[in-house]
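Report on the structure
One-letter residues, chain by chain:
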Amino acid sequence: MQGFFSDKTEKMLFSGRELYLEQLQKTLSLLKKSEQKNIAIFGKNGVGKTYIVKEFLRRIDDKSILPIYIDLNRISLSPENLSIELIAAVSAWFFGYDNKWHSETKTLEGIRALKQILKNGSSEIIDKVVNELEKIKPNQQLLIEQAFNFSQAIAEENNKKIVFCIENFDKILELNGFEQVADVFSSINLHQKNILYITTSSAIEQFKPRLSKYNFEFINISPLSKEETKTLIEKSIGKVSSDIVNEIYSLTLGHPNYVSNVAKRFKETSNVKRAFLLEVLSKSGGIYRDCESTLQLSLARARGKTLLNVILNVLSHYDKLRLTEIARKIFRSAGVTKSLLTRLIEVDIISKSDNLYSIPDPVLRYFISHQNSGILSEPDESLLKKLEAEL
């Protein structure tokens, strides 16, 4: 689609991910022989999943392969709306149209008009979808099924192979909340011979077991190494000393979003610790926004927000705690506490190892530890100096 690869910042900051691109490239060669396995990419928010898939799609130079990209976070997820959005997106990528055309096509009349430029199989799918949408009570499972079959029809009619990237694929489970949809995966054919599905998700604990039943190979995205962190810093702000690289790496542990934001703030402050503090504690900070978003999304997927927040606040002040220690601190039984901890593990915000619970992301832990202290706003000079000394 025109304009999709025009983000020069994304291209410039793409660093240290060649190994993952090589893995995707191997699957692409299997797609040409219809022997592909779908790919599910997992990783924390901001670790670089989007950069990886966009760079991979950008590098496809085989005219017989059609790249398609959608982000389920940008779609209002109902079976009716999804059917329109998917057909419009696939058509926009196939015809090479821009975002304006895509937006204008995301209506019932828009996809109806597509019939004039499509061939028999894909045109027939549009007929089915339009006819269903015009009913008072459309068949929601049929709409989902036909929407995903549309790309296969396009591939077969035009002798194409398709690389279909779906970001935040775990959001598809929201469709299970609709009356006619018991299991959304029963409506989706993920074994189509002409399509390689590449999905991304941050919901590792909840979503990975679901995909393990299907034709997926898993790729887990790790943070950057120290050398890769150095490369990203220098791409962001130019050459810096090894001491600066080491300091940024020790505070961010190579998380690309954190590295990039601290590096840019360092250019203003010339002080790594201050740059980190302003990014994490100030509402204008990119890391602040990332942590706030991660926390809100994770708690929205869990249940019992108030007590979960209490547990997170407790854990944020310790490296690791045992179940009994947490139970005492929140004044709940071990059984109730264990149930709450399990919910937090399921949404990937805490982890358990050797019967010890912790918040594995040290930056998020720092953010949470200050969330209820009144510090999160715009820290003044004296507070910043105090916190710098503590880091």
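Above this text sits the structure in question.
The notes below deal with the structure included here. (Residues numbered from 1 in each chain as written. Predicted model: local features only at pLDDT ≥ 70, side-chain atom pairs only at ≥ 80, totals over all residues. Heavy atoms only, no water.)

This part takes up the environment of Asn220. Mapping Asn220 onto the fold places it in strand β5 (residues 216-220). Along the backbone, Asn220 and Ala203 are 17 residues apart, and their C-alpha atoms lie at a distance of 12 Å. When near neighbours in sequence (up to four residues on either side) are disregarded, Asn220 contacts Tyr20, Phe42 and Lys208. Only 3.1 Å separates the side chain of Asn220 from the side chain of Lys208, close enough to count as a polar contact. (Helix = DSSP H or I, 4+ residues; strand = E, 2+ residues; numbered from the N terminus. Contact = heavy atoms within 4.5 Å. Polar contact = N/O pair within 3.5 Å; in protein donor to acceptor, adjacent residues only side chain to side chain.)

Our focus in this paragraph is the packing of helix α4 (residues 79-95) against helix α7 (residues 120-133). Axis separation between α4 and α7 bottoms out at 11 Å; the angle between their running directions is 150 degrees. In terms of their interaxial angle, α4 and α7 are classed as roughly antiparallel. Between α4 and α7 the crossing geometry is left-handed. The residues of α7 that touch α4, namely those facing Glu80, Ser83, Ile84 and Ile87, are Ile126, Val129 and Leu133. Of the residues that constitute the contact of α4 with α7, the class distribution is five nonpolar, one polar and one charged. (Axes fitted to C-alpha atoms, helices over the stretch in contact; angles between N-to-C directions. Parallel < 35°, antiparallel > 145°, perpendicular 65-115°, else oblique. Left-handed = near helix turned anticlockwise from the far one by under 90°. Nonpolar A, V, L, I, M, F, W, Y, C, P; charged D, E, K, R; others polar.)

Within this structure, the stated rule accounts for nine aromatic pairs. Ring centres of Phe169 and Phe207 lie 5.7 Å apart, and the angle between their planes is 80 degrees; this geometry places the pair in the edge-to-face category. With a gap of 38 residues between them, Phe169 in the loop between β3 (161-167) and β4 (195-201) and Phe207 in helix α9 (residues 204-211) connect regions that are remote in the sequence. Judged by its relative accessible area of 0%, Phe169 falls in the buried class. Phe207 sits in the buried class, given a relative accessible area of 1%. Taken together, the aromatic side chains of Phe169, Phe185, Phe207 and Tyr214 make up a single cluster linked through ring pairs. Lys54 extends its terminal NZ or CZ atom over the ring of Tyr69, reaching a point 5.7 Å from the ring centre. (Phe/Tyr/Trp six-rings, centres within 6.5 Å; stacked < 30°, edge-to-face > 60°. Buried < 20%, exposed > 50% of the residue type's maximum accessible area, 1.4 Å probe, protein only. Lys NZ or Arg CZ within 6 Å of the ring centre and 35° of its normal.)

In this section: the side chain of Asn261. With respect to the helices and strands, the residue Asn261 is situated in helix α12 (residues 256-269). Exposure remark for Asn261: the relative accessible area of 17% places this residue in the buried category. Within polar-contact distance, the side chain of Asn261 engages the backbone oxygen of Asn257 at 2.8 Å. The residues contacting Asn261, other than those within four sequence positions of it, are Glu279, Gly286, Ile287 and Asp290.

In this structure, Asn168 takes a positive phi of about 55 degrees despite not being glycine. Following the sequence through the fold, Asn168 ends up in the loop between β3 and β4. Residue class for Asn168 comes out buried when judged on its relative accessible area of 16%. One non-glycine residue, Asp354, lies in the positive phi region at around 55 degrees. Following the sequence through the fold, Asp354 ends up in the loop between β7 (351-353) and β8 (356-358).

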